[in-house]
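# Summary of structural features
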Amino acid sequence: IKSFATLKSDNEGKYIIIEAISITHEVQQALLKFFEEPNPNTYFFLIVPRIESLLSTILSRACIVELEKKYDYANAEKFIEMSKPCHLGVFCWQL
């Protein structure tokens, strides 16, 4: 992720999607640097089963959407646009 996240993006932007059934606190801490200081036009999206599994420091930086089912593509474009100002979006569904 580091090498990709630090590449310059074109005018359209760069989207990094991370889907995780489980994500350790150590991994979240490592990802925080990218979330806190994203390159211009770089956007991160986390897809996780439970919002409670994420650190509060990640949640405070994210636009969060809770879904009724895992793959709800109907609102994906809207969610991406909503998430752009904070550079971090979190999709959450309950298993």
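No experiment lies behind these values; they were computed from the predicted model shown.

Cut-offs used in this document
- Residues numbered from 1 in each chain as written.
- Predicted model: local features only at pLDDT ≥ 70, side-chain atom pairs only at ≥ 80, totals over all residues.
- Heavy atoms only, no water.
- Buried < 20%, exposed > 50% of the residue type's maximum accessible area, 1.4 Å probe, protein only.
- Helix = DSSP H or I, 4+ residues; strand = E, 2+ residues; numbered from the N terminus.
- Right-handed = clockwise from strand over helix to strand, strands pointing away.
- Phe/Tyr/Trp six-rings, centres within 6.5 Å; stacked < 30°, edge-to-face > 60°.
- Expected span 1.5 Å × (residues − 1).
- Arc of directions from axis to C-beta.

Taking every second residue as pointing to the same face, the buried face of strand β1 (residues 14-19) carries K14, I16 and I18, while none of Y15, I17 and E19 on the other face is buried. One crossover worth recording links β1 to the parallel strand β2 (residues 42-48) by way of helix α2 (residues 25-36), and it is right-handed.

The next subject is the packing of aromatic side chains. With the rule as written, the count across this model stands at 3 aromatic pairs. Residues Y15 and Y43 carry aromatic rings whose centres are separated by 5.4 Å and whose planes lie at 25° to one another, so their mutual orientation is stacked. Linking Y15 in strand β1 with Y43 in strand β2, this pair joins segments that are 28 residues apart in sequence. A residue is classified by how much of its surface remains accessible, and Y15, at 33% relative accessible area, is partly exposed. The class of Y43 is buried, set by a relative accessible area of 9%.

With that settled, the discussion passes to α2. Helical geometry: 3.6 residues make up each α-helical turn, so side chains three or four residues apart lie on a common side. In a regular helix each residue adds 1.5 Å, so 12 residues correspond to 16 Å; α2 covers 16 Å between its end C-alpha atoms and thus fits that length. The complete set of buried residues in α2 reads Q28, L31, L32, F34 and F35. Each buried residue of α2 lies within a common arc of 165° when the element is viewed along its axis, so the set occupies one face. Within α2, the exposed residues directed more than 90 degrees away from the buried face are E26 and K33.

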